Amino acid sequence: MSTSIPPQDCSDMASLRDQIDRLDRELITLLAARAGYIDRAVELKQGNGWPARIPERVEEVVMNARAAAQEQGLDPGLIEDLWRRLVDWSIAREARVIREI
């Protein structure tokens, strides 16, 4: 496992690519952890009789992501697109268990 090196300290493309690959693995680990929370949401939603998709929550999650992107100097539109896809995937995961689809 490689250690974190700031971008400006990467002396060549190989070390830069190693850092990008390391970050990609970290992102995937975080997405897997997020999926665990989605699975727990299924249990809680079933217990409350709630649907997989709660439109107000979807918009809250997306707007939170846009705001965080803005704070970090990222393109909020890109992040919104990514988050909407992530949320749609999460809802589909929930709906399969809740038996909505």
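Residues numbered from 1 in each chain as written. Predicted model: local features only at pLDDT ≥ 70, side-chain atom pairs only at ≥ 80, totals over all residues. Heavy atoms only, no water.

**Digging into the nonpolar core**
Step number 1: Counting residues in each nonpolar core, the largest one holds 9 residues, listed as V42, A52, V58, V61, V62, V87, I91, A95 and I98.
Step number 2: At the level of secondary structure, the elements contributing two or more residues to this core comprise α2 (55-72) and α3 (76-98).
Step number 3: If one sorts the elements of this core by residue count, α3 sits on top with 4 residues. (Core = buried A, V, L, I, M, F, W, Y, C linked by side-chain atoms within 4.5 Å. Buried < 20%, exposed > 50% of the residue type's maximum accessible area, 1.4 Å probe, protein only. Helix = DSSP H or I, 4+ residues; strand = E, 2+ residues; numbered from the N terminus.)

**Some points on the pattern of salt bridges**
Step number 1: A full pass over the atoms with the stated rule returns 9 salt bridges.
Step number 2: Among the ionic pairs, E26 bridges to R22, the shortest N-O distance being 2.4 Å. Taken together, the residues E26 and R22, both in helix α1 (residues 13-48) and 4 residues apart, mark about one turn of the helix.
Step number 3: With relative accessibility at 38%, the residue E26 sits in the partly exposed group.
Step number 4: A salt bridge links E59 to R84; the shortest N-O distance between them is 2.8 Å. One end of the pair, E59, is in helix α2; the other, R84, is in helix α3, with 25 residues separating them in the sequence.
Step number 5: Residue classification places E59 among the partly exposed positions, given a relative accessible area of 36%.
Step number 6: Each of E59, R66, E80 and R84 takes part in one network of salt bridges that share partners. (Salt bridge = Lys/Arg side-chain N within 4 Å of Asp/Glu carboxyl O.)

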